[in-house]
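Examination of the molecular architecture
Here are the chains, one letter per residue:
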Amino acid sequence: MNSKTNSADTAGLDIENLPSHVAIIMDGNGRWAKKRFLNRIQGHEKGAQAVRKVVEAAREIGISVLTLYAFSTENWQRPKNEVIALMRLLKKFLASEKQNLFENNIRLNAIGQIERLPGDVRTALQKAMDATRHNSGMLFNLALSYGARSEIALAVRKIAEKTVAGEIDPGGITDKVVAEHLYTARMPDPDLLIRTSGEMRISNFLLWQIAYTEIFITDSLWPDFGRAEFIKIIKEYQSRERRFGKV
Ligand code: IPE
Ligand code: IPE
Ligand code: MG
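First, a word on what this report is: a plain description of the structure on this page. What you see is a predicted model; the values in this text were computed from it and never measured. (Residues numbered from 1 in each chain as written. Chains lettered and ligands numbered in written order. Predicted model: local features only at pLDDT ≥ 70, side-chain atom pairs only at ≥ 80, totals over all residues. Heavy atoms only, no water.)

A few words on the overall build of the protein chain. Along its length, the protein chain carries seven helices and six strands. Its helices and strands in sequence order give the protein chain the pattern β-α-α-β-α-β-α-β-α-α-β-β-α, from N to C terminus. In terms of overall dimensions, the protein chain is globule-like: its C-alpha atoms have a radius of gyration of 18 Å, near the 18 Å expected for 247 residues. Its C-alpha atoms give the protein chain principal-axis dimensions of roughly 55 × 50 × 35 Å. Relative to all contacts within the protein chain whose residues are 6 or more apart in sequence, the contacts with residues 24 or more apart total 78%. Accessible surface, the protein chain as shown: approximately 12,700 Å² in total, 51% of it carbon and sulfur. (Helix = DSSP H or I, 4+ residues; strand = E, 2+ residues; numbered from the N terminus. Rg over C-alpha atoms; globule rule 2.2 N^0.38 Å. Contact = heavy atoms within 4.5 Å. Areas by Shrake-Rupley, 256 points an atom, 1.4 Å probe, with all protein chains shown as cover.)

What follows is the structure in structure tokens.
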């Protein structure tokens, strides 16, 4: 990775109007592989390379928070060999990217049911998070074993416990209190949500946080997605008018 700025493709990008938080549903690895008569695992391997490019581009243009949906709570129901391969790939990615993330001043964070990940993956994740914990250039959230409904249920449970303990008054449970108990506490809501592979659905991602997020669906399959399209979508985002329910 490198942090050079002012590349030709960023011309026309309004630095004053960047989305603070970009979230991406990285979909289409399987279809990418199928089109090439490869197996799904090879699609995931290629997808990991796209992650690297997009993280680099986001950091370079000055995005504050990038959240990538890498594995959902529902994805545990995929064939065992695919789940194992994804976990192995994740571990490899974390080990190989740790240094790059550190050098590029990127802080890695994980959101989701991390306790469900295999021990060796958790260790690799913890090492990468520890190594980058003081970095301040960009927050890179990896959504792993993530499901928005269980995230909200967990928040409700925590709030209920605090209510029983007398720390929170039921009347004081506001939007803000709920938000503070999500994995994304203290982070801005996504301004922009991108989904690759053309599927018009959210697939249990950030349900609470995307209340006013601008959504872009691209037909590109995730392994084909890269810097150029990422920047193009951000420019398109900048041409949209966000109204937040007002006139
Ligand atoms: C996205 O690609 C990666 C994960 C969900 C882990 P898919 O594996 O869902 O690819 P398609 O949707 O089958 O093409
Ligand atoms: C969403 O993709 C989850 C991730 C990208 C990690 P899926 O491929 O799992 O979603 P569905 O099954 O098409 O809704
Ligand atoms: Mg998919």
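Having seen the model, we can carry on.
Another point: unusual backbone geometry. The general pattern is negative phi for most residues beyond glycine and trans for most peptide bonds. Notably, F37 is not glycine yet its phi reads approximately 55°, a positive angle. For F37, the location among the structural elements is in the loop between α1 (29-35) and α2 (40-61).

The next thing to look at is the nonpolar core. One recurring pattern in soluble globular proteins: nonpolar side chains tend to sit buried together. In terms of nonpolar packing, the biggest core is built from 47 residues, with I24, F140 and F230 touching the most fellow members. Excluding residues that lie within four positions of it along the chain, F140 makes contacts with V51, V55, L66, L68, F93, L101, I106, R107, L108 and N109. With 11 residues, the next largest nonpolar core counts A23, Y69, I111 and L193 among its residues. (Core = buried A, V, L, I, M, F, W, Y, C linked by side-chain atoms within 4.5 Å. Buried < 20%, exposed > 50% of the residue type's maximum accessible area, 1.4 Å probe, protein only.)

A separate point is the sheet that holds strand β5 (residues 192-195). Ordered in space as β3-β4-β2-β1-β5-β6, the six strands form an open sheet in which the pairing is parallel. A single partner strand is all that each edge strand has here, and the edge strands are β3 (106-111) and β6 (214-217). Between one strand axis and the next, the sheet turns by 20° as a mean value, whatever way the strands run. Packed on one face of the sheet, helix α4 (residues 119-131) meets β3 and β4 (138-146) and runs near 140° to β3. (Pairing = 2+ DSSP bridges. Axes fitted to C-alpha atoms, helices over the stretch in contact; angles between N-to-C directions.)

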